[in-house]
Structures are given as structure tokens and as C-alpha cells.
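# Chain and residue survey
Each chain, written out:
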Amino acid sequence: MSKRQSTDSQSRRTLLGSCWALQVFALVLSFAVLVLNPAPVRADDDLLDILLANGTITQKQYDTLKQHYAAKQEAQMPAPPATAPSEAPAKLVTAMDNAVGFHSGPFDVTISGEINGFYVHDRPDNTPKSAVGCVLCLASGNAQPNSSVRNGLLPGDLSFKIATKQNGFDVAVFFGIWPGIQSLMTGGLAGTTFGGVNLAPGNPTGFGVAGIDFRQQYVTVGKAHMGTFKVGRDLGFFGQEGILNDFTLLGAGSTNGNAGPGSVTLGRIGLGYIYTDFMPQISWTSPSSHGFQVAGGIFAPLSDVVSTTLGFNGAVTANNPTGAIFSAPLTGHGQPQLQGKLTYTVPTKGMVKVKFWNNYITQSLQANQSDLASDPYLTTPLGHSVRAWGLDYGTKISVGAADFVVYGYNGSGIGTEGLMFLSTSPTGQTRNSQGYYAQGTYTFAKKFTVGASYGQSNLSLASGERTSSAPWAADSLAITRNNGSYIGQARYGLTKWMNLVGEYTHTRSESQAGAIATEDSVALGTIAFF
């Protein structure tokens, strides 16, 4: 071998040794980096891949180093910071989209109500045949025209409803406060007394006090498939559709006396239907099924206001200086009052909508010891009772912008104007009642509504009452025989809340003796709902 060849061979051995040394050094360095350096995983994965590709490490070494490094990195990961104990989510309060109110956690709080006021001018008939002094003759007996600024058929209203869902039940509580704008005679005058602000006459003098009628408070609970139970004070069933479909609910109707206006006007109460009233009750309303819906409940039984609260029971008092008696004070109530409802909504066909309803009411009127003591003519024995009952019925038909309502009722012992008003003779026999009204309205451009209605309520004397020669017979002839009215109304929706209302009303009353009174009234004002 030549000297040059020997030198080249030695150089190659030296280079190979140097490369081997570099490979060993790289392997050691890689191990150190992988084991000691907590660098991001992605960079060292790339380094291992390069070493494997260059043949610096074997596949087995690659797998071992990668597993070792992953375990090392997991051990060196910092512990997650300690978290504070979880807190209950905040009770978020959000506004309602289409009502005045708010959502607060699981509760929906809704505020609603209305305010109204009317200028009312009343011009009574002052002819000699006027039925002055007729009990529950609703046409005014005043001789002179008179004016007032007052509430219409509705007082004001401020209502609160809180609704939620608990254990699968829909639960709600409701409170309705109904203040008037008139000053009322809440105490009395010259020894007289009046029970309840809606019976109190007006007191249009300085330092007057407006009446506040807390007429609604109840709780409801139910489910979609089981219906809704209600406990508290709210509208009854009998007569409910009569007043809720009456357009004078947005106006005034008959004045109920205008010289010293009371809490509200009468609208068509006692002139086509008996007032349904707000009553203590435990009731149930079913779900709607194929358009049908039923309801029923037990209610607080009522007494005749004329012979009890107003004191016309034969005794001589400040309220009753002549000792007149117009009906028997049957105040015993061994049973609750019962009311039931059936409604049917016809499936809508085009522009035509139709709904029918029927309501029933019954209760006993029982003689107490105090009734026999105050009414010397009462023939109902102690503890015995007479049965009062009533049935109403009606329909509402809507054809496009036109609405028509027809309503009627019949009964015995249920009285007139209000439930049980003049319901029996002084001896305790029931009097028959009957009434009706028809109404039509048409709305132009969804804003301007015109309408007209006629209605009448009738009260018949008990069997033998008209021909009796008893001392009370003259008193029986001084009560109402019928009350009727024609009403025309125009209403304009100024805003979503506010309506401008104008009305003309002609009212006619006739007593059992044939005395007649009439009055004409005009009402102009506004009613706003929110």
C-alpha cells in the first residue's frame, strides 16, 4: 500500500469516528433535552422525528423516549388553580315584551289597569207622572238637569299578577284595586248609614274622599290537562258574559244618579242583565276541548241588600222613617251558592267567529230568628228556606269588523239589578225575573267604532202580591216593574292605550203601580288601558 493510500484510509477512519462521536453526542443531548426541558410538546416531537429519520436513533429508542417524555411532561404540569365554591346564578330581571311588567328568575310579574273619566250631562223627565220614590227604578227622579265629572261604568283599576311554575303546576296570585275619582259619602248623613262604597251616594263637597274598592284577590293553580282551580274573590259566572260584552263597559250608559254621583254609573246593569258581582269563591274551569269548556264552583251566598243593608224591612229607622218593607230579610244560609258555566266556541270559518254561553246560579234563602223579629209579615218558618235560581244564555257573532251580541236571562228569587235585590215579597215568596239586550257594533279602519244597543230588565210580583190587602201591599207597588234603555256609542282608538268615547243614553223606568220616569244623558270622555 502506498503512503498516499495509507493516509486516505486513516483520514476516512478519523472522519467516521468523528461522525460516530457526533451521533452519540446528539443522542445524549437529545435525551437531556427531552427529559429535562419542559418545552412545548410540538417542538420536541419534531426533534425526535428528525433523529429517527437521520438514523441517529432506532424506532424502539424513539418510542421509549417519546413515552418517557410524555410522562415527564404530565408530571411537571402545574396543578389547576383552586376554584371558589360555586355560587347560585344571579336572579336576572328582564322586561316583558308585550306587557307592563318584568321577569324575575322563575317569576313573571305583570302590572295592568285602566283609568277613565267622563263629563256626564243628565236631563231627567220632570212630568207629573214621573216615578219619584220608586225603589230600583233606574231613571233619575230629579226635576232639573245636572252635570258631573265622574267615572263611567268602570272605576279605575290597578292590578298585579305574579305567576310561576312549581312542581309542574302553573301557580298565580292576583290583586285588583279599583279606585274611583268621585268623592263618596262613606260614613253617613244625619244618622243614615250605607254599606259598601258602591252603594254609597256621592258627596260632591270639599275635603271629599275617593272610594277604593279592593274587589279582587285570588290564587289559581292548575295544569293544561286538568284545568284551573281558583280560590279567592273574583267575578261570578252568572251574568259574566252579559257585562263583559256590553260596550258601555268602556263608557257610561245609564247614570245611576248624576247630581251626586256614586262610585260608578250603571251602564246596562239592571237594564238587560243582573250584575255578576265579585264574589268569594272556590271554583274550577276545565281545559277547552273541541270548543267546549265548563266551569263550576261554590260561592258565598247573598242576602237581599234592600231589606238588610239598606234597612227597608218594616222597622222605623233613620234610613226607613216610614217603616216601609219591600222584600223579606232572609239572611240564613245553610248551604253555599252554586254556579256553573258552559261555553262553546264554533270553529272559525273565514271572517266569521261565533261563541255561545250558558250560566246557572242557585242558592237557598233561609229564615233566621232575627228575620222573623224584624219582619212581622214573614211567613217562612224559622229554619225553612225558599230556593232562588237563575239561567242566562247568549251568543256573540263576529263577521269581519261587525260584532253582534244577544243576551237573555230568566230566574226566580234572584231579583233585579244586583243578585237577590228585591228577590222575595215581604212574606218570603220568590219573585220572577227576566231580561235581555241586543247590541251591534262596527269598526272602521280598526280605530273608529260605532254601536247601538237596547235592553230591558223585568221584575214580577209574587203570586197574590199585587191583589193583597195587607199593610205592606202599597210598598210592593212602589218597587220597579221594569227598566230599559237605548244606548248609542262612538269610540275612537287614539293610541294603543287611550280611547275617546262619546255616548247618548235614553233610560225609562216603570214602577209596579204604573208610574213612569225617563231621562236622557250624554257622556264624553276617555278610558285608557295598560
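See the structure printed just above.
Further remarks concern the overall build of the protein chain. Across its full length, the protein chain carries six helices and 19 strands. For the protein chain, the residues scored as buried account for 43% of the 530 residues in total. Considering only intrachain contacts with a sequence separation of at least 6, the fraction spanning at least 24 residues in the protein chain is 66%.

A word on the pattern of salt bridges. With the rule as written, the count across this model stands at seven salt bridges. Between Asp170 and Lys165 there is a salt bridge, with its nearest N and O atoms 3.0 Å apart. The exposure class of Asp170 is partly exposed, given its relative accessible area of 39%. Given a relative accessible area of 53%, Lys165 falls into the exposed group. Where Glu510 meets Arg508, a salt bridge forms, and the shortest distance between an N and an O atom there is 3.6 Å. Residue classification places Arg508 among the partly exposed residues on the basis of a relative accessible area of 31%.

Across all of its chains, the model carries one disulfide by this definition. Across the disulfide, Cys134 is cross-linked to Cys137 (sulfur-sulfur distance 1.9 Å). As the torsion about the S-S bond is roughly 50°, the Cys134-Cys137 disulfide counts as right-handed. Among the residues examined, Cys134 registers a relative accessible area of 12% and is labelled buried.

For the rest of this paragraph, the subject is the side chain of Ser423. The residue Ser423 is located in the loop between strand 14 (402-412) and strand 15 (432-444) in this model. Residue class for Ser423 comes out buried when judged on its relative accessible area of 2%. Here the side chain of Ser423 touches Met420 through a polar contact of 3.3 Å, landing on its backbone oxygen. Ignoring any residue separated from it by four or fewer positions in sequence, one finds Ser423 in contact with Asp304, Leu365, Gly413, Ile414, Gly415, Gln429, Thr430 and Arg431.

Further remarks concern the packing of aromatic side chains. Counted according to the given criterion, the structure contains 15 aromatic pairs. Both rings, one in Phe175 and one in Phe214, keep their centres 6.5 Å apart while their planes meet at 70°; by these two values the pair is edge-to-face. Residue Phe175 is located in strand 6 (residues 169-183), and its partner Phe214 is located in strand 7 (residues 210-223); the two are separated by 39 residues in the primary sequence. Geometrically, the ring pair formed by Tyr454 and Tyr486 is tilted, given 4.6 Å between the ring centres and 40° between the ring planes. Here Tyr454, found in strand 16 (residues 448-459), pairs with Tyr486, found in strand 17 (residues 480-493); they are 32 residues apart in sequence, far enough to count as distant. Look at Tyr454 and you get partly exposed, because its relative accessible area is 25%. An aromatic cluster is present here, built from Tyr273, Tyr407 and Tyr437 joined pairwise through their rings. The ring centre of Trp178 lies 4.7 Å from the NZ or CZ of Arg215, which sits over that ring.

This brings us to the nonpolar core. Judged by nonpolar contacts, the single largest core of 42 residues is most densely connected at Phe238, Ile269, Tyr273, Leu330, Ile414 and Leu419. Elements supplying a minimum of two residues to this core: strand 3 (107-124), strand 9 (278-285), strand 10 (292-299), strand 12 (352-366), strand 13 (385-399), strand 14 and strand 19 (516-529). When neighbours within four sequence positions are excluded, Phe238 is seen to be in contact with Ile274, Thr276, Gln339, Asn359, Ile361, Gly390, Leu391, Asp392, Tyr409, Ile414 and Leu419. Phe326, Leu459, Leu461 and Ile479 belong to the second-largest nonpolar core, a separate cluster that totals eleven residues.

With that settled, the discussion passes to a nonpolar patch on the surface. On the surface, a cluster of nonpolar side chains totalling about 790 Å² of accessible area is made up of Val100, Tyr442, Phe444, Phe448, Tyr492, Leu494, Trp497, Met498 and Leu500. When residues of the nonpolar patch are traced back to their parent elements, those giving at least two are strand 15 and strand 18 (498-511). Tracing the backbone shows Leu494 in the loop between strand 17 and strand 18. Residue class for Leu494 comes out partly exposed when judged on its relative accessible area of 43%.

Pairing of strand 3 with strand 5 (residues 157-166), which is carried by seven bridges, proceeds in the antiparallel orientation. Opposite Thr110, over in strand 5, you have Lys161 as the bridge partner. Bridge count between strand 5 and strand 6: nine bridges; the pairing is antiparallel. Looking across to strand 6, one finds that Leu158 is bridged to Ile177.

Negative phi is the rule for most residues except glycine; trans is the rule for most peptide bonds. Residues other than glycine seldom take positive phi values, yet Glu417 does so here, at roughly 70°. Relative to the assigned elements, Glu417 resides in the loop between strand 14 and strand 15. Of note, the phi angle at Leu422 is positive, near 60°, even though the residue is not glycine. Here Leu422 is to be found in the loop between strand 14 and strand 15. Leu422 gets classed as buried once you look at its relative accessible area, which sits at 0%.

Attention now moves to the side chain of Gln512. Relative to the assigned elements, Gln512 resides in the loop between strand 18 and strand 19. Of the residues examined, Gln512 reaches a relative accessible area of 3% and is grouped as buried. Within the local environment of Gln512, its side chain forms a polar contact with the side chain of Arg466, the two groups lying 2.5 Å apart. Aside from chain neighbours lying at most four places away, what touches Gln512 is Leu459, Ser460, Leu461, Arg466, Ser476, Leu477, Ile479, Thr480 and Arg481.

Conventions we followed
- Residues take numbers from 1 onward in each chain, read along the sequence in its written order.
- Local features in this predicted model are restricted to residues of pLDDT 70 or higher, and side-chain atom pairs are both shown and tallied only at a pLDDT of 80 or more, whereas totals for entire chains, interfaces and linings draw on every residue.
- With hydrogens and water set aside, each side-chain value is computed from the structure's full complement of heavy atoms.
- Runs of E in the DSSP output that reach at least two residues are strands. Runs of H or I that reach at least four are helices, and both are numbered from the N terminus.
- Throughout, exposure labels follow a simple rule: accessible area from a 1.4 Å probe, protein chains only, divided by the maximum for the residue type, with under 20% read as buried, over 50% as exposed, and the rest as partly exposed.
- Any two residues whose heavy atoms approach within 4.5 Å are treated as being in contact.
- Counted as salt bridges are all cases of a side-chain nitrogen of Lys or Arg within 4 Å of a carboxyl oxygen of Asp or Glu.
- A pair of cysteine sulfur atoms is labelled a disulfide when the two atoms are within 2.5 Å.
- Polar contacts here mean pairs of N or O atoms no more than 3.5 Å apart (in protein, one a potential hydrogen donor and the other a potential acceptor; neighbouring residues in sequence count only if both atoms are side-chain atoms).
- Side-chain rings of Phe, Tyr and Trp, where Trp is taken by its six-membered ring, are said to pair if the distance between their centres is within 6.5 Å; with planes under 30 degrees apart they count as stacked, over 60 as edge-to-face, and otherwise as tilted.
- In our convention, an over-ring charge means Lys NZ or Arg CZ found within 6 Å of a ring centre and within 35 degrees of that ring's normal.
- To form a nonpolar core, buried Ala, Val, Leu, Ile, Met, Phe, Trp, Tyr and Cys residues must be joined to one another through side-chain atoms within 4.5 Å.
- Only residues whose relative accessible area exceeds 30% and that take part in no salt bridge are eligible for patches, with like-charged residues grouped when within 9 Å of each other and nonpolar side chains (Val, Leu, Ile, Met, Phe, Trp, Tyr) grouped when within 5 Å.
- For the accessible areas, the method is Shrake-Rupley and the probe is 1.4 Å, while residue cover comes only from the protein chains on display.
- A pair of strands counts as paired when DSSP detects no fewer than two bridges linking them.

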